[in-house]
Amino acid sequence: MRFSTLLLGLILLCPFAAIDGQNIPLPEHPRPDFQRPDWQNLNGQWNFQFDPNDEGLSQDWQVQGESFKAQIMVPFPWGSAFSQQKDEADIAWYHRKIMVEEAWQGKRTFLTIGASDWETSVWLDGKLLGKHEGGYTPFSFELSEHLSYGQEQDLVIRVDDARRDFTLYGKQGYGNARGIWQTVYLEARGSNYLESLHFLPDIDKAQVQVIARLAEPTKAETKLNLKISEQESHDLAFPAGVDQIKTTLDLKDMQLWSLEDPHLYEVEALIGNDQLRTYFGMRKISVEKLPGTDFPYIALNNEPIYVQLALDQSYHPQGFYTFPSDDFMREEIVRSKSIGLNGIRVHIKVEVPRKLYWADKLGLLVMADLPNSWGEPDALAQAESERTLREMIDRDYNHPAIFSWVVFNETWGLMSTVMEEGKKLRRYLPRTQYWVASMYYLAKSLDPTRLVEDNSICCGAGHTETDINSWHVYLPGWEWENHLSNMVENTYPGSTHDFEKGFVQADQPNINSECGNVWGYDGSTGDVDWSYDYHKMMNTFRKYPKIGGWLYTEHHDVINEWNGYWRFDRSEKETGMGGIVAGMSLKDLHSPVYISTGMDICQTVQAGSNVEVPLQLSVMTGADFGEELIVEYEVETINYIGETEKNLSGSRRVPYKPWMQTSLDPMLLVLPPTPGLATVKLWVKTSEGKILQRNFMHLEIEGEFKREDVAIISVAPDAHKEANFSLKQWSVMQGLKANGAGEGNFRYSVEIPASQNARRVKEAYVLMELSAKELFDKDKEEGFDKQQNYMLGDKVSPSRNPNAYPMSDEKMFPSRVSIWVNGEKVHTQLLPDDPADHRGVLSWHHQLQDRKLREAGSYGYMVKVPLSRSLINKILKKEGMFHLQIKTEGEGGVAVYGRDFGRYPFDPSLVLKY
């Protein structure tokens with residue numbers, strides 16, 4: 001069992017840790033970047049009551065908490081499985097007993113709620129402590145004057161989450177963040193405590209600027225002691241009458257925060273009787289030129305970084321916005337690094353601080369989005385966006401992993417309804433564009449250490465003021481070459497391409513900030529193998545180094561989007577690349593050193609011809625690999641009778657230097673005279689033989705199969721004489737594949753040419769490519785609604801989309817079949833699955849370029865059944881006919897693949913060897 005699957009299973013069995021004999025979810029302090037020693041976690045079971053008629057306030061429910069009849073598991077949003085409450089109303093009340101220990105006397109006690117959506121009011125023993133509006137950032141209310149230390153008291157919370165057009169709803173249709181959704185805790189603070197403590201690193205000077213802010217202006221000069229990583233101690237002072245100071249500290253033997261060595265400086269701050277722990281990282285985010293070019297790149301610590309990111313919706317199937325455990329959040333970061341990504345974009349959600357902590361701790365970049373509203377960009381929406389932007393930057397200032405703030409996405413919440421020629425239309429108005437530009441400047445004023453993006457653009461909208469020239473596009477694999485070529489041509493200082501009127505490009509880094517194939521096909525893809533188009537896309541990106549990186553959609557499946565690297569439950573998907581080149585994985589497609597054969601990863605060529613394979617070497621690292629690299633190749637071919645042979649192999653030495661981007665001389669291949677399917681395998685190695693990257697492409701070799709020692713009697717998959725199945729039978733792409741779902745059989749009959757002599761036959765076998773056949777929803781002849789609201793989480797079946805063919809994963813759909821030849825049962829075989837991944841190369845290669853998919857990537861297993869001498873004589877001498885029957889033994893179905901579909905280049909065949 002894979003580690004991620006085992007971890008998920010353990011979490012589902014026992015998702016919550018035990019504290020004091022109780023099961024408490026998320027028991028860790030929620031803010032490792034802002035933690036005081038005296039605190040009490042209030043997560044766990046609370047009394048709970050929905051208020052569908054909004055009568056609680058008028059009936060004084062704030063003093064009736066013990067009578068609430070239901071219970072909820074805090075901090076999971078109501079409606080999520082982990083909360084143990086269904087979503088039954090917009091308003092709800094929470095209650096629990098609290099007791100503040102007597103040792104906290106002399107300090108100020110606060111209740112802090114990490115996040116609660118949207119209007120939250122808090123009472124202690126019936127006394128209103130305060131009200132907060134907003135859904136993503138922490139807030140606190142002081143309890144001190146109302147406390148009876150050492151005694152139980154009643155804490156009541158009311159949350160009103162009625163939909164408001166101006167609130168930052170984001171993509172909560174994937175699972176609403178209703179009510180409390182982050183940790184609730186009590187905290188003892190000092191008499192005049194630190195409200196914030198920010199660190200601005202300057203690696204060029206080995207200094208860090210400290211900005212400390214108190215809750216109140218000081219009455220007299222007040223000392224602040226900072227101990228940094230238990231090595232350096234600094235005494236600072238707040239003059240009388242101020243609440244904020246700025247100072248710059250020198251760091252001895254400075255250690256950088258990097259992706260390879262994410263060093264964190266731990267900080268202990270002490271002011272009066274207030275004690276605080278936090279941390280920071282010494283790193284620099286800037287823009288630098290890719291060495292040897294004029295291409296601006298996002299840079300980390302003054303070195304360009306080719307950004308390879310995933311769009312992270314950051315959802316959990318049972319917790320929605322809230323993850324079940326700290327281990328799960330850590331594993332999210334580990335997953336991304338495990339496939340060679342260097343960052344994630346947390347999409348339309350202010351991320352949970354502990355997940356950001358693990359990005360800091362393990363070394364993964366984070367692009368942080370401000371969530372969007374879905375209404376008009378009116379004064380209420382603007383105020384809500386501005387307030388949340390300020391609060392998220394203030395909260396997350398010390399996280400070194402965050403390298404950019406994204407203020408808006410695809411103009412969501414920025415379109416106004418206007419009347420034009422008697423019609424209501426949606427427009428991105430100039431006044432809104434200038435407000436968006438002002439939000440860019442606001443973010444820059446709040447945080448000068450990071451890049452800021454005004455609007456991550458798509459669908460005709462453009463940029464205003466931005467540090468990153470980003471754009472979204474979703475395309476079939478065969479369209480990437482033209483698109484990227486066009487983007488390179490139109491990206492230069494002064495260009496108006498992808499910018500709104502009145503704004504122009506400067507010299508910003510140019511990246512694709514959302515990409516993939518899911519929206520590249522008519523009506524989206526549904527669940528489909530993304531690895532083939534992904535491979536084409538990665539190969540093409542690396543040909544165009546002017547584009548400084550990409551961001552794939554997405555990290556994991558979510559509700560109605562099935563194009564994630566992982567399933568929604570974080571189980572594994574199978575790309576199949578390791579079955580083509582041993583050891584190859586997604587990490588090879590994200591390698592700093594990359595050998596690309598271009599967009600066409602499968603070409604149709606003629607047997608015996610000479611073929612030139614283009615080679616582009618892209619190095620996105622300053623690493624020293626010596627003076628040269630070795631590019632090795634090997635060509636392996638499987639022919640029409642299932643034989644595999646290594647036809648060609650060789651190597652070449654390439655002079656190496658860091659950051660090199662170069663076209664190599666094409667590889668000239670003299671193909672064998674035998675038709676079939678060839679795999680051109682590639683390795684980039686150091687001179688010592690260390691593999692830096694693996695890649696491959698395929699050649700479909702066409703021609704006449706000419707061998708005097710072999711005869712092939714073949715039949716097309718749809719040329720069956722009989723096809724009976726309990727659920728359904730149909731063919732794909734004019735007979736390239738025949739499907740039978742449920743229990744049943746295919747029967748084929750082929751006349752044997754008179755020239756075949758049984759006495760001369762030394763060996764005979766039946767050769768086929770077969771898979772199990774699941775009846776997917778799209779094949780049940782039920783209608784598909786193309787007008788679904790994907791952004792707001794309309795829930796549809798993964799296989800309902802006409803383009804869908806679910807990608808291989810850990811869930812198998814097996815089928816046992818028996819093979820009958822001329823009335824005799826000759827073989828029984830278990831077909832493990834109905835798979836679709838990169839191994840279905842012929843299914844992908846023969847798709848029509850019309851933005852529709854027809855079982856793309858589906859493939860089967862080679863079935864090779866030797867025949868006895870008596871059966872050979874029966875076929876050739878007695879009957880002169882080859883009768884083939886494929887029967888299912890159960891409801892698993894069977895699919896029969898032809899020479900131009902699936903993984904192998906052969907039709908169902910009787911092979912005779914002389």
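Look a little higher up for the structure.
Structure report, in brief. (Residues numbered from 1 in each chain as written. Predicted model: local features only at pLDDT ≥ 70, side-chain atom pairs only at ≥ 80, totals over all residues. Heavy atoms only, no water.)

Glancing now at the overall build of the protein chain. For the protein chain, the count of helices and strands is 10 helices and 54 strands. The globule rule puts the C-alpha radius of gyration for 914 residues at 29 Å, and the 32 Å found for the protein chain is close to it. The principal-axis extents of the C-alpha atoms in the protein chain amount to approximately 110 × 65 × 65 Å. Of all 914 residues assigned to the protein chain, the portion counted as buried reaches 62%. By sequence separation, contacts in the protein chain at least 24 residues apart represent 72% of the contacts at least 6 residues apart. About 34300 Å² of surface is accessible on the protein chain, with carbon and sulfur atoms providing 46% of the total. (Helix = DSSP H or I, 4+ residues; strand = E, 2+ residues; numbered from the N terminus. Rg over C-alpha atoms; globule rule 2.2 N^0.38 Å. Buried < 20%, exposed > 50% of the residue type's maximum accessible area, 1.4 Å probe, protein only. Contact = heavy atoms within 4.5 Å. Areas by Shrake-Rupley, 256 points an atom, 1.4 Å probe, with all protein chains shown as cover.)

This next bit is on the packing of helix α2 (residues 326–338) against helix α3 (residues 353–362). For any two helices packed against each other, one specifies the crossing angle of their axes together with the interaxial distance. Packing of α2 against α3 brings their axes to within 9 Å, and their N-to-C directions diverge by 45°. One way to sum up the angle between α2 and α3 is to call them oblique. In this structure, the crossing between α2 and α3 has a hand that is right-handed. Residues Asp326, Met329, Arg330, Glu332, Ile333, Val334 and Lys337 of α2 pack against Arg354, Lys355, Trp358, Ala359 and Leu362 of α3. (Axes fitted to C-alpha atoms, helices over the stretch in contact; angles between N-to-C directions. Parallel < 35°, antiparallel > 145°, perpendicular 65-115°, else oblique. Left-handed = near helix turned anticlockwise from the far one by under 90°.)

Before going further, it helps to examine the packing of aromatic side chains. The final tally for this structure, using the stated rule, is 44 aromatic pairs. Note on Phe48 and Trp78: the rings are 6.0 Å apart at their centroids and 55° apart in plane angle, and the pair reads as tilted. Remark: Trp78 occurs in the loop between β5 (70–74) and β6 (91–99) and Phe48 occurs in strand β4 (residues 44–50); sequence separation between them is 30 residues. Assessed through its relative accessible area of 0%, Phe48 is described here as buried. Both rings, one in Trp530 and one in Tyr552, keep their centres 5.7 Å apart while their planes meet at 50°; by these two values the pair is tilted. One end of the pair, Trp530, is in the loop between β33 (510–516) and α7 (531–541); the other, Tyr552, is in strand β34 (residues 549–552), and 22 residues separate them in sequence. The pair Trp530 / Tyr552 is uniform in exposure class, with both members buried. Every member of this aromatic cluster is reached through a ring pair, and the members are Trp530, Tyr534, Trp550, Tyr552, Tyr565 and Trp566. A cation over a ring is seen here: Lys864 above Tyr765, with NZ or CZ 4.4 Å from the ring centre. (Phe/Tyr/Trp six-rings, centres within 6.5 Å; stacked < 30°, edge-to-face > 60°. Lys NZ or Arg CZ within 6 Å of the ring centre and 35° of its normal.)

For the peptide bond that leads from Val74 to Pro75, omega is 15°, which places it in the cis range. Mapping Pro75 onto the fold places it in the loop between β5 and β6. The amide bond that connects Asp117 to the next residue, Trp118, takes the cis arrangement and shows omega of 15°. Following the sequence through the fold, Trp118 ends up in the loop between β8 (116–117) and β9 (119–124). Even without being a glycine, Phe320 presents a positive backbone phi close to 55°. Residue placement: Phe320 occurs in the loop between β25 (307–312) and α2. Assessed through its relative accessible area of 15%, Phe320 is described here as buried. Phi is positive for Arg570, which is not a glycine, with a value near 70°. Structurally, Arg570 can be placed in the loop between β34 and α8 (586–589).

Turning our attention to the pairing of strand β41 (residues 676–686). Summarising burial for β41: 11 of the 11 residues are buried, a large majority. Inspection of the sheet shows strand β38 (residues 628–639) paired to β41 by 11 bridges, in the antiparallel sense. Bridge pairing in β41 places Glu636 opposite Thr679. Where β41 and strand β42 (residues 691–702) come together, 10 bridges link them in antiparallel fashion. Bridge pairing links Leu677 to Glu700 in β42. (Pairing = 2+ DSSP bridges.)

Take helix α5 (residues 430–446) next. For α5, which comprises 17 residues, the first-to-last C-alpha distance of 24 Å matches the rise-based estimate of 24 Å (1.5 Å per residue) to within 8%. Those residues of α5 that fall on the buried side of the exposure criterion are Thr432, Gln433, Trp435, Val436, Ala437, Met439, Tyr440, Leu442 and Ala443. (Expected span 1.5 Å × (residues − 1).)

With that settled, consider the sheet that holds β42. In spatial order, the strands read β36-β42-β41-β38-β39; together these 5 strands make up an open sheet with mixed pairing. Of all the strands in the sheet, the pair left with one neighbour each is β36 (602–606) and β39 (644–655). Geometrically, the sheet is characterised by an average inter-axis angle of 25° between neighbouring strands, direction not taken into account. Note that β36 and β42 share 5 bridges and pair parallel. By the bridge assignment, Gln606 is partnered in β42 with Glu702.

Turning our eyes to something else, we now look at the sheet that holds strand β19 (residues 244–250). Pairing in this open sheet of 3 strands is antiparallel, and the strands run β15-β16-β19 from one edge to the other. Strand pairing shows two members of the sheet lacking a second neighbour, β15 (194–202) and β19, which therefore form its edges. Each strand of the sheet is rotated relative to its neighbour by a mean of 15°, with strand direction disregarded. Inspection of the sheet shows β15 paired to strand β16 (residues 207–214) by 8 bridges, in the antiparallel sense. Note on β16: the bridge partner recorded for Ser196 is Arg213.

Here we come to α3. For α3, the buried fraction is high: 9 of the 10 residues fall into the buried class. Regarding α3, the residues found buried are Pro353, Arg354, Lys355, Leu356, Tyr357, Trp358, Ala359, Asp360 and Leu362. Of the residues trailing α3, Gly363 is marked for its positive phi of about 90°.

So, to be careful, I would describe these as geometric facts and stop short of saying anything about function.
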